[in-house]
Amino acid sequence: MAGPGPSGLEVLLSTLQDASDSESTLNILNVLDELLSAGTDRRIHYMIKKGGSEALLRTLVNTGCSPSPSSTILVPLLHLLTKVGHRDKKIGHKAEKAGAVLLLLDLLRQSLSDVKMAVACLWLLRVYASCVSTAALLGKNGALEVQFMLIAPHTKKHTRMVKAAIDALAALLNSKWNCRRAVSQGYVSSLLNMYEDWHSNDAENKHIPIRRALLHCLRHLTNLPAGRRALEQDGGMEILFRTTQACLASRGLESLAKSATQIMRKCYPKQPLPLRSDRSTYSFPLPGCPTLNPESAPTSEDDNLEEESDEEDTEIDDLDREEDDDLETDLTKLRTRPEPDRPLEELGQYARLCPELHYDFQDLDSDPDGEESSDEDGFLYGDAGPGPRFFSGGRREDQRSPGSKPVSENQGDPGGEGSGPSQAGSSGGPEPQLNPRDFHSQYLSSGTAGHEIPSMIERLLEKHRGCIPSHDPRIYTSTAANTKSIAGYSVLAFPDFWGHLPPPYRQPMAQRRQGVQRSKVFEDIQRLLSPADVVDKVVFDLEAPSSQDTVEDSDSLRFYSKFESGNLRKAIQVRSYEYDMILNSDVNCSHYHHWFYFEVSGMKAGVPYRFNIINCEKANSQFNYGMQPVLYSVREALEGNPHWVRAGSDICYYKNHFSQSSLPGRGQKGRTYYTLTFSVTFQHSEDVCYLAYHYPYTYSALQMQLQCLQRTLDPLKVFFQQQTLCETLAGNPCPIITITAQPPSRSWNHLHQFRNRPCVLLTARVHPGESNASWVMKGTLEFLCSSHPVAESLRDAYIFKIIPMLNPDGVINGTHRCSLSGEDLNRQWMKPDLKLSPTIYHAKGFLYYLNSIGRTPLVFCDYHGHSRKKNVFLYGCSIKETFWQSGSTVNTVALKEDPGYRTLPKILDKIAPAFAFQSCSFLVEKSRASTARVVVWREMGVVRSYTMESTYCGCDQGLYKGLQIGTQELEEMGSKLCQGLLALKRNSLLYSKLIIPAPAPGELSDNRLDHKPNSI
């Protein structure tokens, strides 16, 4: 039986190749053109599949090689080839094989006077050049020179051919070989002059496509370093800047302004940061590491996409695609529980962290009124113990910040006539007028001996006593005196000392003004074009303290950051009201520039000051999507408004012309930094203000909060124990808190219920720059210690183990991501080092201990902040969801998995306004294998192991949609998480009803620690 015959299209194509007369060829070309014009792209792709491209190319070769090629046939043939070639990805290679590439170039040379034919040739040549090898072949045979013969200065004739020639030239410049040749031939200067000519003479904007095509050519040429240098040397920056300014007045010229701006940004000469070294100003000697090699420092390439990921123009789409490629699909790794990373005998040391299992509760039978004050009470109100002494909330007795003066040396108002804090209010006369400059952080350098707070501050504290719940400046001062920092901080920032109240209103996301980023980029370019207008004055430098002295009596702003959690390395005045600022790297490394917190003073009211943080590393930021930095005004605080508020206008985040140093020996090119720019108009002259990336929360604030909480608790109702998990590298204690309900009595039944409560373990602030995590934790702690009925039920239901700050050293020293070891502690959970990562080592050891005595936590949750996404959400772990998302062929039907990991997120989605279930993810990624969430899930078998992510920005759904998140909403989220835990009580199957006594340190048995594969 005969097979199916050829289709009608195949017959037409065969006839076309065999046609011997012009009329037949022309008729077939017309029929094919009508067939393709009437249908969709599917017809073109079908024709390509049936060999249409090859048939047309052979026809072109046959026709073009004839003694007298007819333009009557060539023009429609070239048009048809162009139409088909646009859809054929291999058209260039096919044309080379058919010998039609150089033939087309010859036809173009022969048709320079025939506009119609020349345009048709140029269109097809542009299609050929979509293949880089074909473009290079054309360039080597003189195609560039032919194009330039057709491109002319402004003319009203043959503009169609000029446009086609420029488009063809742009296509040819896809080849680097052609770009190098064009640059060497001086085409950059010629194109610039042509662009300027067309811009100047096209007053009616009738030839925008030609101007845009010329910019397209320049954009290709400036992809090469030589092209960028040529453009700068030929005055291209001035030409493009001037012409672009004229384009901004017309909306129809937006495409030209956009393209020209991109070229100028690309061609702005790269330069290093004005620093002696990219390394952090601070270093810390590590145990066992006498010298840290700068090249061994962690790089930002290790940035966590889960907690810290960023994007360019889209917020999350690219991130989702990257996560799909990172999914762990090895079933053995997902199901098998690894062996412990330490001997079982070492776990006995953690028995002390379960005081509820050993406490005898004799005090339940004692008279609470007869109890004596504890040693801690003496610490709160008396001697702060050994160590540096602070005055007025902060400065050490023996140290002063650069440029500060003792109060006795007439530190007062700007004019020098006012009294300093220690001089005011000593008599019974009227209270003196308070000036914000009296409360500059440097007032803390009083020379008065002892812990006496200057009388003005004492009177102020008396006047505002109790105005900020859970905050006591005196206690804060005492706790800060014992905080150990690398720099030996002797100053307290006023907001930390005085406290913060959420403002009585919620703030919407900032509306971005159209074209704001472009205008900021233009201002940056003006620095290059008009260097004489740049002040270039260093007004603050951590490495050169004397720089602060030079601005005391000038019109420049004054900056300061040498206080707890502060981060500002250098400030440079570039214009009268504009400052470039450089952030300090994390200790012992040269990366992670994100967190900032600094003081600024000496401002004029009503003047917009522009601040540029010029060494940001992330590719994008929520500052491009409605987020604002936060500001605290000392004057407003003294007037009864102690608020951190969102502030700043004209906010944008973009790539700049500063570059990181290349890494020697690695072959890595230095990355380009990004600029965060914003403008602030201060309400008061000579105020003292503080600016920060997010609401600061210091280590001393945590210590103060814990002491304040303990003072307010009823010891007969709440079992609250604060212990030290371990000491950090710098010697700061890492607190661990136990919170539960006291048993009603010492009876066997009550103690049985008490010691058999399931455990919940909560941690936070492993990344120092994620201060929002501490505000969520503050809400959790305050709610658990409150008299709310739900809080009472929670204490009856669970024993809470809380490590509120896993990285105290990082928080104290103002780092963003790392500890003093220069490592991301949330990448150390798999095999933590006792010496370099003590808090993670002991936190994991404590989890091992709980697991070994059969008290594996029902829930583990690590609080974080997210710089890319909005809302609050959870990351969990699920084998099935990971396989489903990855498209794995593994049969997941047979896999048994407890679906309880979804319960808590679903509850929070219903009760917490800021929470968004749709943002939650339960995927296990390879790059997260050593994070707390995954390690606790895999090694401890905690099904409900989570990372809770809180946005820095705000919400795009729910009750808070369109609003920026504040401390009130963050604290609320902490309390809502607690409320959500109540619903898990009935679903827990992990705990038996038997009493599980805590073994003595030497009585741990091997069978207590289960190393079997997870039954999920």
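Relevant structure appears above.
Residues numbered from 1 in each chain as written. Predicted model: local features only at pLDDT ≥ 70, side-chain atom pairs only at ≥ 80, totals over all residues. Heavy atoms only, no water.

Visitor: Any details on the overall build of the protein chain? Residues and values, ideally.
Guide: Counting its regular elements, the protein chain contains 35 helices and 21 strands. Burial analysis of the protein chain (1016 residues in total) assigns 58% to the buried set. When contacts within the protein chain are restricted to residue pairs at least 6 apart in sequence, long-range pairs at least 24 apart make up 79% of them. Split by element, the accessible area of the protein chain, about 40900 Å² in all, is 49% carbon and sulfur. (Helix = DSSP H or I, 4+ residues; strand = E, 2+ residues; numbered from the N terminus. Buried < 20%, exposed > 50% of the residue type's maximum accessible area, 1.4 Å probe, protein only. Contact = heavy atoms within 4.5 Å. Areas by Shrake-Rupley, 256 points an atom, 1.4 Å probe, with all protein chains shown as cover.)

Visitor: Tell me about the sheet that holds strand S15 (residues 718-727), residues and numbers included.
Guide: With respect to topology, seven strands assemble into an open sheet ordered S15-S16-S18-S17-S19-S21-S20, the strand pairing being mixed. At either end of the open sheet lies a strand with only one pairing partner, and these are S15 and strand S20 (872-875). Adjacent strand axes in the sheet meet at a mean angle of 20 degrees, parallel and antiparallel pairs treated alike. Pairing analysis gives five bridges linking strand S17 (residues 759-764) to strand S19 (residues 859-866), with the strands arranged parallel. From the neighbouring strand, Thr763 faces S19, where its bridge partner is Asp862. The sheet contacts of helix H26 (residues 699-712) involve S15 and strand S16 (733-741), and relative to S16 the element is tilted by about 30 degrees. Packing of helix H29 (residues 789-797) onto the sheet brings it into contact with S15, S16 and strand S18 (799-803), and relative to S16 it is tilted by some 100 degrees. (Pairing = 2+ DSSP bridges. Axes fitted to C-alpha atoms, helices over the stretch in contact; angles between N-to-C directions.)

Visitor: Could you give an account of the nonpolar core, with specific residues and numbers?
Guide: Nonpolar side chains tend to gather and get buried jointly when the protein is soluble and globular. One finds Phe559, Phe611, Tyr690, Ile739, Phe800 and Tyr863 to be the most contacted residues of the largest nonpolar core, which totals 132 residues. Listed in part, the 101 residues of the second largest apolar core include Leu81, Leu103, Leu104 and Ala182. (Core = buried A, V, L, I, M, F, W, Y, C linked by side-chain atoms within 4.5 Å.)

Visitor: For the packing of helix H14 (residues 208-221) against helix H17 (residues 254-267), give the residues involved together with the corresponding values.
Guide: Between H14 and H17, the least distance of the axes is 10 Å, while the angle of their chain directions is 15 degrees. Considering their axes alone, H14 and H17 lie roughly parallel with respect to each other. H17 is crossed by H14, and the crossing has left-handed handedness. Facing H14, whose interface residues are Ile208, Arg211, Arg212, Leu215, Leu218 and Arg219, H17 presents Ser255, Leu256, Ser259, Ala260, Gln262, Ile263 and Lys266. For the contact of H14 with H17, the residue count by class is six nonpolar, three polar and four charged. (Parallel < 35°, antiparallel > 145°, perpendicular 65-115°, else oblique. Left-handed = near helix turned anticlockwise from the far one by under 90°. Nonpolar A, V, L, I, M, F, W, Y, C, P; charged D, E, K, R; others polar.)

Visitor: Tell me about the environment of Cys818, and name the residues and values.
Guide: For Cys818, the location among the structural elements is in the loop between helix H30 (808-812) and helix H31 (838-852). When the C-alpha atoms of Cys818 and His591 are compared, they prove to be 9.7 Å apart, with 227 residues separating the residues in sequence. Each residue touching Cys818, except ones within four places of it in the same chain, is listed here: Asp586, Tyr592, Pro768, Asn807, Gly810, Glu823 and Asp824.

Visitor: Mind laying out the packing of aromatic side chains, listing which residues take part and the relevant values?
Guide: Inspection of every chain in the model, using the stated rule, returns 35 aromatic pairs. Their ring planes at 55 degrees and their centres at 6.3 Å tell us that Tyr597 and Tyr690 sit as a pair that is tilted. Linking Tyr597 in strand S8 (residues 597-601) with Tyr690 in strand S14 (residues 688-692), this pair joins segments that are 93 residues apart in sequence. With a centroid separation of 6.4 Å and an interplanar angle of 85 degrees, the aromatic rings of Phe611 and Phe682 are classed as edge-to-face. Taken together, the positions of Phe611 in strand S9 (residues 608-616) and Phe682 in the loop between strand S13 (672-681) and S14 put the pair 71 residues apart, joining distant regions of the chain. Exposure class is identical for Phe611 and Phe682. Each is buried. Three or more aromatic residues joined by ring pairs make a cluster, and in this case those are Phe559, Tyr577, Tyr579, Phe596, Phe598, Tyr609, Phe611, Phe623, Phe678, Phe682, Tyr693 and Tyr952. Directly above the aromatic system of Trp177 lies the positively charged group of Lys140, at a separation of 5.7 Å from the ring centroid. The cationic tip of Arg342 hangs over the ring face of Tyr841; the distance from NZ or CZ to the ring centre is 3.8 Å. (Phe/Tyr/Trp six-rings, centres within 6.5 Å; stacked < 30°, edge-to-face > 60°. Lys NZ or Arg CZ within 6 Å of the ring centre and 35° of its normal.)

Visitor: I'd like a rundown of the pairing of S17, residues and numbers included.
Guide: Taken across its six residues, S17 has six buried, putting it largely inside the fold. Both S17 and S18 contribute to a ladder of five bridges, which runs parallel. Counted as the bridge partner of Thr763 is Ile803 from S18.

Visitor: An account of the pairing of S9 is requested, with residue identities and associated values reported.
Guide: The element S9 is extensively covered by neighbouring structure, given that eight of its nine residues are classed as buried. Two strands pair when backbone bridges link them, and S9 and S13 are joined in this way by seven bridges, in the antiparallel orientation. Each bridged residue has a counterpart across the sheet, and for Arg610 the counterpart in S13 is Ser679.

Visitor: With reference to specific residues and values, describe the sheet that holds strand S7 (residues 578-582).
Guide: Spatially, the seven strands line up as an open sheet ordered S1-S12-S13-S9-S7-S6-S4, and their pairing is mixed. Because the sheet does not close on itself, it has two edges, and the strands there are strand S1 (271-272) and strand S4 (537-541). Sitting on the sheet, helix H24 (residues 516-529) touches strand S6 (570-575), S7, S9, strand S12 (649-659) and S13, and the angle it makes with S12 is about 45 degrees.

Visitor: Which residues make up helix H12 (residues 176-184), and what values do they have?
Guide: Residues of H12 that are buried include every one of Asn178, Cys179, Ala182 and Val183, and no others. Looking straight down H12, one finds that the buried residues subtend no more than 135 degrees of arc, so they occupy a single side. Residues of H12 that are buried sit in contact with helix H9 (132-140), helix H10 (143-150), helix H11 (159-172), helix H13 (187-201), H14 and helix H15 (225-233). Of the residues flanking the start of H12, the one acting as N-cap is Ser175, its side-chain oxygen 3.3 Å from the backbone nitrogen of Trp177. Once H12 ends, the next one or two residues include Gly186, with phi positive near 80 degrees. (Arc of directions from axis to C-beta. Polar contact = N/O pair within 3.5 Å; in protein donor to acceptor, adjacent residues only side chain to side chain.)

Visitor: I'd love a proper account of unusual backbone geometry, names of residues and values included.
Guide: Look at His158: it is not a glycine, yet its phi comes out positive at around 50 degrees. In this structure, His158 sits in the loop between H10 and H11. Judged by relative accessible area, which is 47%, His158 ranks as partly exposed. The phi angle at Arg765 is positive, at roughly 60 degrees, despite the residue not being glycine. With respect to the helices, strands and loops of the structure, Arg765 is situated in the loop between S17 and helix H28 (771-784). For Arg765, a relative accessible area of 1% corresponds to the buried category.

Visitor: How would you summarise the pattern of salt bridges if you had to cite specific residues and measurements?
Guide: Applying the stated criterion to the full structure yields 36 salt bridges. Among the salt bridges present, the one from Arg87 reaches Asp41, with a minimum N-O distance of 3.2 Å. Taken together, the residues Arg87 in the loop between helix H5 (71-85) and helix H6 (91-98) and Asp41 in helix H3 (residues 41-49) connect sequence positions 46 residues apart. One salt bridge connects Arg513 with Asp650, and the closest N-O pair in it is separated by 3.2 Å. Of this pair, Arg513 sits in the loop between helix H23 (494-498) and H24 while Asp650 is found in strand S12, placing the two residues 137 residues apart along the sequence. Taking relative accessible area as the criterion, Arg513 reaches 42% and is therefore assigned partly exposed. For Asp650, a relative accessible area of 25% puts it in the partly exposed group. Through salt bridges with shared partners, one network takes in Glu523, Asp524, Arg527, Arg575, Glu578, Asp580 and Arg610. (Salt bridge = Lys/Arg side-chain N within 4 Å of Asp/Glu carboxyl O.)

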